[in-house]
Amino acid sequence: MEGALPLVKLIEEFAKLPGVGRKTAQRFAFHILNLPEEKARDFSQAILDARTKIKKCPVCGNLTDGELCPICSAKGREAEEAARSAGTLAKELEELRSQADLGTAGAAEAKALLSALAAAAQEVMDRDGAVRREANELEDRLEEAQKEARAARRQYDGAVEERDAVKNVIQGYQLRMDARKKKWDQTRDAHMKLQMEENALTSRIKLLTEMEKEHEGYTRAVKLVMGEAQRGALHGIHGPVADLLKVPDRYTVAIETALGGAMQNLVVDREEDGKAVIQYLKRRDGGRATILPLSSIRPGFLKEGDALEKEPGFVGVANRLISFDPRYQNVFSNLLGRVVIAQNMDKAMAMARKFGHRFRIVTLDGQVLNPGGSMTGGSVSRSAGVLSRANELTVLKDRLNVLTESLAAAQREKDEAGRELSAARYDLQVAEGQRRAAEDAVLKGQGEVRQYEVLLEGVRTSAENLEGEQEALTQRLADNRLQQQTVRQEIGTHEAEAASLRESAREKLAGQTDLQAYSNQLSGEMSQRKEQLAGLRA
């Protein structure tokens, strides 16, 4: 905004106005910028017109755009009209005064008659007033007693209703507590069953994990080498083949059979690492082991693979049915790249004949057709191999995760059922207390109702006695009041007429005086202002 000089100038001019700060001036300026051009032009023209055309009235000093302001111009006409009205009011005033005197005389005669009637009725009124006061007091006592009796009856009825309602509530609370107790027992039993199952599963997982950690099922040579590698004495050791792959459960038997003793082959980084392993086993007399250096192992390839995919019973090439780190691609291609997995023995035999027994075929249940035509087979224990153990461990851990969630949910259900049972017991205890309180209220209400019934009977008897006397006094007083009412109407008529006439006379007199004074004042002001105007023009 530093370069917008017109805007800065506009803000500074607004800020010079009285009571306008810097921020208010900025809002005014931005408002002007947002106006259409025509409205902005009208705004600026209005400022110029006010500055050049407006001036002060030479007589009174008010702002005007003419010789005199509208007020000074109008006072001349008002003076002439005031003078004419003053003469007419004087004639009407004399006639009103005469009529008011006649009305005052009639009202005085009626007041004398009213005084006589009032004296005759005073004795009746005194007694009637005393009886009415007694009757009113008795009526108040009766009304108060009736209110208290109704309140006592409502309180009694409410206590009975509350007692009966609480009894029903207690029955409902008892049923609810029994149901929640049953629910809590069920959730407790379910939680206990899941807890026992979790303990058994955890024990099995711990056993299998320890077997994995100790390389149970491996040769002594493998155990020695892995132990030394874990201590850091041997380097570049990746582990036995069985630890480096994952096998879907349905292929476990076939892959274990296909690998055979190769599952315990040790994978190392380089041939030098393999040499160190062999020298270590030799020193320790730890047995023999097959080493697979990643730097020198070569992959195996089954050239008949594309043709085999069209064969009935073909499951896949073994190395394609497992998962492993890409670093071990050559290892598993070397071990399983020329092994075919077939659905069953019949399909495997058909494929072997067709392709001339040039490669190894293993069925899903672990039967083997070797290159050259030999066969290996028989029964297989699924739990005997290390791959089966690893798969079982994976399955058990998955089951444990699901079971842990179920156990947590069961614990939450058990806790919620316990809270609900506690709440039901508390509600039942509260309801029992309410029932005892309601029974006490019923007994109290019965006594209060009987007490108010006796009180009401006595008050009603007294009220009937006063009612007879009051009827007689009321009739006498009504006759007297009828006569007084007639006289008061006459007095009111006379006085109203007289007052109206007097008020009219006063108004006309005041109007005459005010008009005359106002006329003289206007004439004087007009003369004075004409002289001032003449002096200004001169």
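Just above, that's the structure.
Analysis parameters
Residues numbered from 1 in each chain as written. Predicted model: local features only at pLDDT ≥ 70, side-chain atom pairs only at ≥ 80, totals over all residues. Heavy atoms only, no water. Helix = DSSP H or I, 4+ residues; strand = E, 2+ residues; numbered from the N terminus. Contact = heavy atoms within 4.5 Å. Areas by Shrake-Rupley, 256 points an atom, 1.4 Å probe, with all protein chains shown as cover. Core = buried A, V, L, I, M, F, W, Y, C linked by side-chain atoms within 4.5 Å. Buried < 20%, exposed > 50% of the residue type's maximum accessible area, 1.4 Å probe, protein only. Arc of directions from axis to C-beta. Polar contact = N/O pair within 3.5 Å; in protein donor to acceptor, adjacent residues only side chain to side chain. Patch = residues over 30% accessible without salt bridge, like charges linked within 9 Å, V, L, I, M, F, W, Y side chains within 5 Å. Salt bridge = Lys/Arg side-chain N within 4 Å of Asp/Glu carboxyl O. Lys, Arg positive; Asp, Glu negative; His and termini not counted. Charge placed at Lys NZ, Arg CZ, Asp CG, Glu CD. Expected span 1.5 Å × (residues − 1). Phe/Tyr/Trp six-rings, centres within 6.5 Å; stacked < 30°, edge-to-face > 60°. Axes fitted to C-alpha atoms, helices over the stretch in contact; angles between N-to-C directions. Parallel < 35°, antiparallel > 145°, perpendicular 65-115°, else oblique. Left-handed = near helix turned anticlockwise from the far one by under 90°. Nonpolar A, V, L, I, M, F, W, Y, C, P; charged D, E, K, R; others polar. Pairing = 2+ DSSP bridges.

1. Examining the overall build of the chain
Along the backbone of the chain there are eleven helices and twelve strands. The long-range share in the chain, meaning contacts at least 24 apart out of those at least 6 apart in sequence, stands at 71%. Summing over all exposed atoms, the chain offers an accessible surface of approximately 33900 Å²; the carbon and sulfur share of this is 52%.

2. Here's the deal with the nonpolar core
V225, I255, L259, V277, L335, L336 and I341 are the most contacted members of the largest nonpolar core, which totals 43 residues. Looking at this core, the elements with two or more residues in it are α5 (220-230), α6 (252-259), β5 (266-268), α7 (271-284), β6 (291-293), α9 (329-336) and β9 (339-342). Apart from residues no more than four positions distant in its own chain, V277 is found in contact with V225, L234, I237, L266, V268 and I291. By size, the runner-up hydrophobic cluster in this structure holds 14 residues, among which are L138, L142, A152 and L456.

3. Section: helix α10 (residues 345-354)
For α10, every residue scored as buried is listed here: A348, M351 and A352. Buried residues of α10 fall within an arc of 100° about the axis and therefore sit on the same side. Opposite the packed face of α10, turned more than 90 degrees from it, sit the exposed residues D346, R353 and K354. At its buried positions, α10 is contacted by α8 (305-308), β7 (314-317), β9, β10 (360-363) and β11 (368-369). Near the N-terminus of α10, the side chain that reaches the backbone nitrogen of D346, with its oxygen 3.3 Å away, is that of N344. Count one or two residues on from α10 and you reach G356, which has phi positive near 70°.

4. Description of a negative patch on the surface
A cluster of acidic residues, E134, E137, E139, D140 and E144, forms a negative patch at the surface. By secondary structure assignment, the location of E139 is in helix α4 (residues 70-213). Residue E139 is classed as partly exposed on the basis of its relative accessible area of 48%.

5. Brief notes about α7
In a regular helix each residue adds 1.5 Å, so 14 residues correspond to 20 Å; α7 covers 20 Å between its end C-alpha atoms and thus fits that length. Those residues of α7 that fall on the buried side of the exposure criterion are D273, G274, V277, Y280 and L281. Around the axis of α7, the buried residues are gathered within 120° of arc, so they sit on the same side. Across from the buried face of α7, at angles greater than 90 degrees, the exposed residues are K275, K282 and R283. Positioned one or two residues after α7, D285 has a phi angle of 50°, which is positive.

6. Here we look at the packing of aromatic side chains
The full count for this structure, using the stated rule, is three aromatic pairs. Ring geometry for F14 against F28: centres 5.5 Å apart, planes inclined by 70°, an arrangement best described as edge-to-face. Taken together, the residues F14 in helix α1 (residues 5-15) and F28 in helix α2 (residues 22-34) connect sequence positions 14 residues apart. Classification of F14 as buried rests on a relative accessible area of 13%. By relative accessible area, which is 35% here, F28 ends up partly exposed.

7. Quick word on the packing of α5 against α7
The contact between α5 and α7 brings their axes to 11 Å, and the two run at 115°. By the angle between their axes, α5 is roughly perpendicular relative to α7. Relative to α7, α5 is oriented so that their crossing is right-handed. Residues R220, A221, L224, V225 and E228 of α5 lie in contact with α7, whose contacting residues are V277, Y280, L281 and R284. Within the contact of α5 with α7, the residues separate by chemical class into six nonpolar, no polar and three charged.

8. As for the sheet that holds strand β3 (residues 237-240)
The three strands lie next to each other as β3-β5-β6, forming an open sheet whose pairing is mixed. The open sheet has two free edges, formed respectively by β3 and β6, since each of these has just one partner strand. Averaged over all neighbouring strand pairs, the angle between strand axes comes to 20°, with direction disregarded. The pairing of β3 with β5 spans three bridges and is antiparallel. Looking at the pairing, P240 lines up with L266 of β5.

9. Observations regarding the sheet that holds β11
The strand order across the open sheet formed by five strands is β7-β9-β10-β11-β12, and the pairing between neighbours is mixed. A strand with exactly one partner marks an edge of an open sheet, and here the two such strands are β7 and β12 (375-376). Examined bridge by bridge, β7 and β9 share three bridges and lie antiparallel to one another. Paired with F314 across the strands is A342, a residue of β9. α6 contacts β9, β10 and β11 of the sheet and is inclined by roughly 145° relative to β10.

10. A short note on the side chain of T257
Inspection of the secondary structure assignment puts T257 in helix α6. Look at T257 and you get buried, because its relative accessible area is 18%. When neighbours within four sequence positions are excluded, T257 is seen to be in contact with R360, V362, G366 and V368.

11. Observations concerning the packing of α1 against α2
Between two packed helices, both the angle of their axes relative to each other and the distance between the axes serve to describe the pair. One way to put it is that α1 packs onto α2 with a least axis distance of 8 Å and a crossing angle of 130°. On the basis of their axis angle, the class for α1 and α2 is oblique. For the crossing formed where α1 meets α2, the hand is right-handed. For the pair formed by α1 and α2, the contact residues are L7, L10, I11, E12, F14 and A15 on the first element and R22, A25, Q26, F28, A29, F30, I32 and L33 on the second. When grouped by side-chain class, the residues that make up the contact of α1 with α2 number eleven nonpolar, one polar and two charged.

Structural measurements only, silent on function.
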